[in-house]
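Fold and contact review
Here's the letter readout for the chains.
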Amino acid sequence: MNELIPFDTDSHPAVKNSGRGHRGDHSTACKCNPTYFAPGSFKELPGELGRAMRRLVVKDKNTGQKRLRYRLSRHAYFVQHREKAGRTRDFRPEKQALIDAVGIQLLQRGNLATGVIRKNVTELADELSPKDKYGNVIPETRVEPCRLSRLFEEWERYGLIERPEPEWDPVAGYWMPRHIILTDRFYGGLCGVNMDAFLKQRNARLAAEADGLTEPGTTESVRRARERELDKIRLATIKHRRAKASEGKRKKRLSRLPLDDRHHQVAAWLIKTLPNHEKYRMDDAAFNRLVWNHLNQMQLGIGTEPVPPDKLH
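Worth saying up front: this structure is predicted, and the values here are computed from it rather than measured. (Residues numbered from 1 in each chain as written. Predicted model: local features only at pLDDT ≥ 70, side-chain atom pairs only at ≥ 80, totals over all residues. Heavy atoms only, no water.)

Running from amino to carboxyl end, helix H3 (residues 93–109) crosses helix H5 (residues 145–158) at an angle of 75°, the nearest separation of the two axes being 11 Å. As judged from the angle between their axes, H3 and H5 are roughly perpendicular. Contacts between H3 and H5 involve Glu94, Lys95, Leu98, Ile99, Val102, Gly103 and Leu106 from the former and Arg147, Leu148, Leu151, Phe152, Glu154 and Trp155 from the latter. Class assignment for the residues of the contact of H3 with H5 results in eight nonpolar, one polar and four charged. (Axes fitted to C-alpha atoms, helices over the stretch in contact; angles between N-to-C directions. Helix = DSSP H or I, 4+ residues; strand = E, 2+ residues; numbered from the N terminus. Parallel < 35°, antiparallel > 145°, perpendicular 65-115°, else oblique. Contact = heavy atoms within 4.5 Å. Nonpolar A, V, L, I, M, F, W, Y, C, P; charged D, E, K, R; others polar.)

Dropping the structure here:
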């Protein structure tokens, strides 16, 4: 039988492998603890939603600054349903700040009749992120969309939101954005909305938007209204993607032409696409400026050299 020979650590010191990766010295903490209050240009929410917002947010009469009167992350709902959501402990301070901001944002953005949030996750994240003096998101303190995605997955387990099944766009070659639907638990359980009064207001809105196929005030009418709202959002997304794709193809084709040919091609395209009431009321100088504006937006104006054609193999 072979004897086990002990390994002498003194005569064989550990050698550090310099080729392996190592942990960086950068901070992995969240870059931003967001706050959200509706801009001054927004109208006050109607009915019960307005009352719920006034219970959550208060405005200082002297300074005009808004602050939270009640933090949604401290609501007993998150403690009561913690096990159902798969949690064992309280939220960290960074997540508490995110919940406080997102709760106000969704209450402000939700459709009264359907509870649908028209903005996607990226747009919501950009709205929460701090901006510079020009209104642009500051990259160093941006709220990453992945943070919101993880939060919404958890909120779905809490029963606060619903998310439709993802849909594939075969033309664009990637997924359609998933939009959020606020549930009655979000309004009544978390935001403290009087559900009797809220349902009366919602049924009145559904009756005004009725399609004639369902009776307003029923579960089926709410479901159909949500489907119509989501169909409108999908159609707008498809139109935007098609327009961006056409613009990219047009820019690639024009980039290979000299400047005067670009100017001529854009002018011909505008003549075909402009509505008649704009086209016939526009003088020569205004039309010429419009052509140059389109070229400059595509970064194909003066000083841009033609791109060489693709090599043929």
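The structure having been displayed, the exposition proceeds.
We now examine unusual backbone geometry. A positive phi is found at Gln299, a non-glycine position, where the angle reads about 55°. For Gln299, the position within the fold is in the segment after helix H11 (284–297).

Let us now look at the nonpolar core. Counting 42 residues, the largest nonpolar core has Leu107, Trp155 and Phe186 as the members making the most contacts within it. Every element with two or more residues in this core is listed here: helix H1 (47–56), helix H2 (76–80), H3, helix H4 (121–128), H5 and helix H6 (184–190). Looking at this core, the element that brings in the most residues is H3, giving seven residues. Counting residues in hydrophobic clusters, the runner-up holds nine residues, among them Leu254, Val266, Ala267 and Met298. (Core = buried A, V, L, I, M, F, W, Y, C linked by side-chain atoms within 4.5 Å. Buried < 20%, exposed > 50% of the residue type's maximum accessible area, 1.4 Å probe, protein only.)

In this section: the pattern of salt bridges. One pass over the full model with this rule turns up 15 salt bridges. Note that Arg71 and Asp100 form a salt bridge whose closest N and O atoms lie 3.0 Å from each other. Of this pair, Arg71 sits in the loop between strand S2 (66–68) and H2 while Asp100 sits in helix H3, and the two are 29 residues apart along the sequence. The exposure class of Arg71 is partly exposed, given its relative accessible area of 35%. Since its relative accessible area comes to 6%, Asp100 is described here as buried. Glu154 is the salt-bridge partner of Arg87, the closest N and O atoms lying 2.9 Å from each other. Within this pair, whereas Arg87 is found in the loop between H2 and H3, its partner Glu154 is found in helix H5, the two being separated by 67 residues in sequence. (Salt bridge = Lys/Arg side-chain N within 4 Å of Asp/Glu carboxyl O.)

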